[in-house]
Amino acid sequence: MTMLRDLLTPFQSDFSDTQLGRERSHWFIFTLLAIVVPFTSSMSSNLLRSLQTLFGLNVNARRFYIFMASTHLTWDRLWPIAWNLIPSPLVDGRLMLALDDSINNKTGKRIFGCGFFFDHTAKVNQPTYPWAQNIVMLGLLKPIKGRWSCLPLASRFYHRQKDIDAGKINARRHGQVLPFQSKMAQAAEMILRIAAHFGDKPPLVVCDSWFGNNGLWKPLSASGQSIHLLSRLRINTALYAEPNDAAKTTKGRPRKYGDRCGSVRDLAESFRNWAQTFSVMLYGKQREVPAYDQVFMLKNLRCPVRVIWVFRKTQWVAFFTTDLTLSVTQIIECYGARWKIEAGFKEIKQEIGSARSQTRTADAVTNHLNFCLLATTLTWIYADRIEVDPKRRHIVKGRTSFAFSDVRRLIADEALSDHFLGLWPNLCQPLHKSFTKVLMRMVA
């Protein structure tokens, strides 16, 4: 049994043992392979062509489109299977989770999940509020073969409450209007579910300043689980000293906060001369970084946090974490790894091709996104399990580590090999080998 089959066959256990269930279980795993193989984008019609051309499956087009829009794909049971396949998910004894949201620009007016969302990355000639899907994603940050990677674990479609109330968007599923859920509530729901799945492994959620506030921290801290935040601080945030022992002996209720120390911007100027130099692995290189750290109280989180100022020649940035046991080096390296979720959005939308999907209905859109996310996660799991580091196909100055596309080509070589296809003699009857090689060279 090959490594690729070891990764795919566990998902078949979720399907029934009937003839239809076995057929759909085979379609499920080969659809994942069709998404990973760098043949074309992951539009449903292209996936059908890949199943028929590359793997030789006798798939009826109408039935396949019904399968891709099926209401019976139980993603709540399928995703935990993928979570169990991740080898050594902890980093320094912690489960590092990256949280962020992204948008998929669309053109159709009745596409599920679409609305007018603010795009902070819009260029001068692009609309600031494009018609798009807003996706909140949670991923696992993990070093694989010497480089950081982000493995998607869960996602949610966000709808604005005023759009749902006005009925201007397609926010219906199975005939029912979806209830409004804020991004913070969606994020907390995903984090708590993953934390419960991995049990006693304490999660550290790394996010930008938009998510790093009490809207996310309050439900996480109220859950009773040991979950911590690591985020960036806004420059106008006020910091307070911890209440001293003398204040506790006075009459009345003990003080929760000490004296106001100033804003993050004011303190950065006074702490610059006190900064120490730390050697950290940041963005693939060992770097010397001047930084200063101190424990303060945050009124919006109502708890003590460790604040770190990282200084550059003329600028600085400030981070905070609720995990006071983290060192300065760990905090800088962990937040530097957060950028991999941004790279993960590019892999999913552009390389995998989820942004070019033409699906419309709620189930079709949800299934397609989950297929793309699960295929991305399995690609990184495959890269983590192989013994030899993948070779970088396209040389880029200043980069020595392998790319996501290099792992996809390794999977494609194994998935289209005679050994792998021979494991499915009743399903796969691929076309002539030379034709397949020509197709793969065309998309290299």
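Preceding this section is the structure that the text describes.
Residues numbered from 1 in each chain as written. Predicted model: local features only at pLDDT ≥ 70, side-chain atom pairs only at ≥ 80, totals over all residues. Heavy atoms only, no water.

Enquirer: I'd like to hear about unusual backbone geometry, residue by residue, with values.
Expert: With phi around 55°, Lys145 is a residue other than glycine that occupies positive phi space. Backbone geometry at Arg302 places phi at a positive 60°, although glycine is not the residue there. Mapped onto the fold, Arg302 is located in the loop between strand S12 (285-298) and strand S13 (303-311). (Helix = DSSP H or I, 4+ residues; strand = E, 2+ residues; numbered from the N terminus.)

Enquirer: How would you sum up a positive patch on the surface? Please name residues and give values.
Expert: A cluster of basic residues, Lys218, Arg253, Lys256 and Arg302, forms a positive patch on the protein surface. Within the secondary structure layout, Lys218 lies in helix H8 (residues 214-222). Given a relative accessible area of 57%, Lys218 falls into the exposed group. (Patch = residues over 30% accessible without salt bridge, like charges linked within 9 Å, V, L, I, M, F, W, Y side chains within 5 Å. Areas by Shrake-Rupley, 256 points an atom, 1.4 Å probe, with all protein chains shown as cover. Salt bridge = Lys/Arg side-chain N within 4 Å of Asp/Glu carboxyl O. Lys, Arg positive; Asp, Glu negative; His and termini not counted. Charge placed at Lys NZ, Arg CZ, Asp CG, Glu CD. Buried < 20%, exposed > 50% of the residue type's maximum accessible area, 1.4 Å probe, protein only.)

Enquirer: Break down the pairing of strand S14 (residues 316-321) for me, citing the residues and quoting the values.
Expert: The buried fraction of S14 is high, at six of six residues. Here S14 shows no split at all, with Trp316, Ala318 and Phe320 on one side and Val317, Phe319 and Thr321 on the other all buried. Sheet analysis places strand S8 (residues 228-232) next to S14, joined by three bridges and oriented antiparallel. Along S14, the bridge assignment pairs Ser231 with Phe320. Here S13 runs beside S14; their pairing, made up of six bridges, is antiparallel. Across the sheet, residue Arg306 finds its bridge partner in S14, namely Thr321. (Pairing = 2+ DSSP bridges.)

Enquirer: Any details on the packing of aromatic side chains? Residues and values, ideally.
Expert: On inspection of all chains with the given rule, the structure shows 29 aromatic pairs. With a centroid separation of 5.7 Å and 45° between ring planes, the pair formed by Phe28 and Trp75 is classed as tilted. Taken together, the residues span a long stretch of sequence, with Phe28 in helix H2 (residues 19-36) and Trp75 in helix H5 (residues 75-85) at a distance of 47 residues. Under the relative-accessibility criterion, Phe28 is labelled buried at 0%. Residue Trp75 is classed as buried on the basis of its relative accessible area, which comes to 8%. Arranged with centres 6.1 Å apart and planes meeting at 55°, the rings of Tyr240 and Tyr257 form a pair that is tilted. (Phe/Tyr/Trp six-rings, centres within 6.5 Å; stacked < 30°, edge-to-face > 60°.)

Enquirer: Lay out H8 in plain terms, naming residues and giving numbers.
Expert: For H8, every residue scored as buried is listed here: Leu216, Trp217 and Leu220. Projection of H8 onto a plane perpendicular to its axis shows the buried side chains occupying an angular sector of 90°, all on one side. Among the exposed residues of H8, those pointing more than 90 degrees away from its buried face are Lys218 and Ala222. Buried residues along H8 sit against strand S1 (95-105), helix H7 (183-198), S8 and S13. A side-chain oxygen of the first residue of H8 lies 2.9 Å from the backbone nitrogen of Gly215; this N-cap is Asn213. Gly224, located one to two residues past H8, shows a positive phi value of around 85°. (Arc of directions from axis to C-beta. Contact = heavy atoms within 4.5 Å. Polar contact = N/O pair within 3.5 Å; in protein donor to acceptor, adjacent residues only side chain to side chain.)

Just geometry here; none of it tells us what the structure is for.
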